[in-house]
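Coordinate inspection notes
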Amino acid sequence: MTTPLVELRGIRKAYGSIEALRGVDLDLHAGECLGLVGDNAAGKSTLTKVLAGTVIPDAGEIRLDGHKLPFTGPGAARRLGIEMVYQDLALCDSVDVAGNLFLGREITRRGLLDEDAMRAQAREMLDRLGIRIPRLTATVAGLSGGQRQSIAIARAAAFGPRVLIMDEPTSALAVGEVEAVLALIGRIKATGVAVVLITHRLQDLFRVCDRLAVMYEGRKVAERGTRDTGLEELVRLIMGEGAAY
Ligand SMILES: Nc1ncnc2c1ncn2[C@@H]1O[C@H](COP(=O)(O)OP(=O)(O)O)[C@@H](O)[C@H]1O
Ligand SMILES: [Mg+2]
């Protein structure tokens, strides 16, 4: 096993009397996809939000390449290469594909948006990620759910992140669209990014994840190589049975 790119240690977070995270340790590796699973309210989203800097933990630390993360917000995490794709796609419906890819990172020339440069780079980004969107000048409102999800992922993946977190990227998609998004996740992983995938679609995990971590009531209760487990055991672990390593 290689040295972990990211090490989370003893992460705790309470909301009033609710202990969302009760001391979680987790490692992420470059070029690997970790599936994070657990029942509703197990703490999956909170844990990844801590990593992405949008939730400040009460205790614990995170190291990226051996360096402690500052916990000063999402901007700092992003600058260090930690990107998160949120469940509810934060795309702007009235903006075109290229504009969405460069949202918050617009290219300007003499103070004006450089649409041509953004379009050219958008095309290059999408090609590199193997995403087929014929017209970059179309607003994203008219695209399918799968295309929109791909654009949201591309936006996070395109600027060289080291860690990419996806919270339920396939949950809202039609069956036929899931495949393309899973393939995209596989390609991103192959570029050396440490991917974290949260999903209730357990069958998807076996397609793209190398390792699975199971959370139960704020704790990581099991970790398995994807090859060393199956649907049946996973379901038992998610339900909190046999919560031992
Ligand atoms: N901002 C918040 N305020 C209060 N409670 C929260 C907040 N975020 C999460 N929680 C609570 O923390 C627990 C873990 O939630 P979450 O991390 O969203 O779980 P999961 O993603 O596994 O469903 C839940 O009980 C949830 O209600
Ligand atoms: Mg969640």
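Look up: the structure comes first, before these words.
Residues numbered from 1 in each chain as written. Chains lettered and ligands numbered in written order. Predicted model: local features only at pLDDT ≥ 70, side-chain atom pairs only at ≥ 80, totals over all residues.

Moving on, we come to the site of ligand 1. Lining the immediate environment of ligand 1, one finds Tyr15, Ile18, Ala20, Gly38, Asn40, Ala41, Ala42, Gly43, Lys44, Ser45 and Thr46. With three residues, the single largest contributor to the shell around ligand 1 is helix α1 (residues 44-52). Looking at side-chain class alone, the shell around ligand 1 contains five nonpolar, five polar and one charged residues. (Near = placed C-beta within 6 Å. Helix = DSSP H or I, 4+ residues; strand = E, 2+ residues; numbered from the N terminus. Nonpolar A, V, L, I, M, F, W, Y, C, P; charged D, E, K, R; others polar.)

Attention now moves to the sheet that holds strand β6 (residues 82-85). If you trace the six strands from one edge of the open sheet to the other, you get β6-β9-β10-β3-β11-β12, paired in mixed fashion. Lying at the two open borders of the sheet, with one neighbouring strand each, are β6 and β12 (219-225). Going across the sheet, the axis of each strand differs from the next one's by a mean of 20°, ignoring polarity. Looking at chain direction, strand β3 (residues 33-38) and strand β11 (residues 211-216) are connected through five bridges and run parallel. Directly across from Leu34, in β11, lies its bridge partner Arg211. With respect to the sheet, helix α5 (residues 145-157) is in contact with β6 and β9 (163-167), its orientation differing from that of β6 by roughly 170°. Strands β3, β9 and β10 (194-198) of the sheet are contacted by helix α6 (residues 175-190), whose axis makes an angle of about 150° with β10. (Pairing = 2+ DSSP bridges. Axes fitted to C-alpha atoms, helices over the stretch in contact; angles between N-to-C directions. Contact = placed C-beta atoms within 7 Å.)

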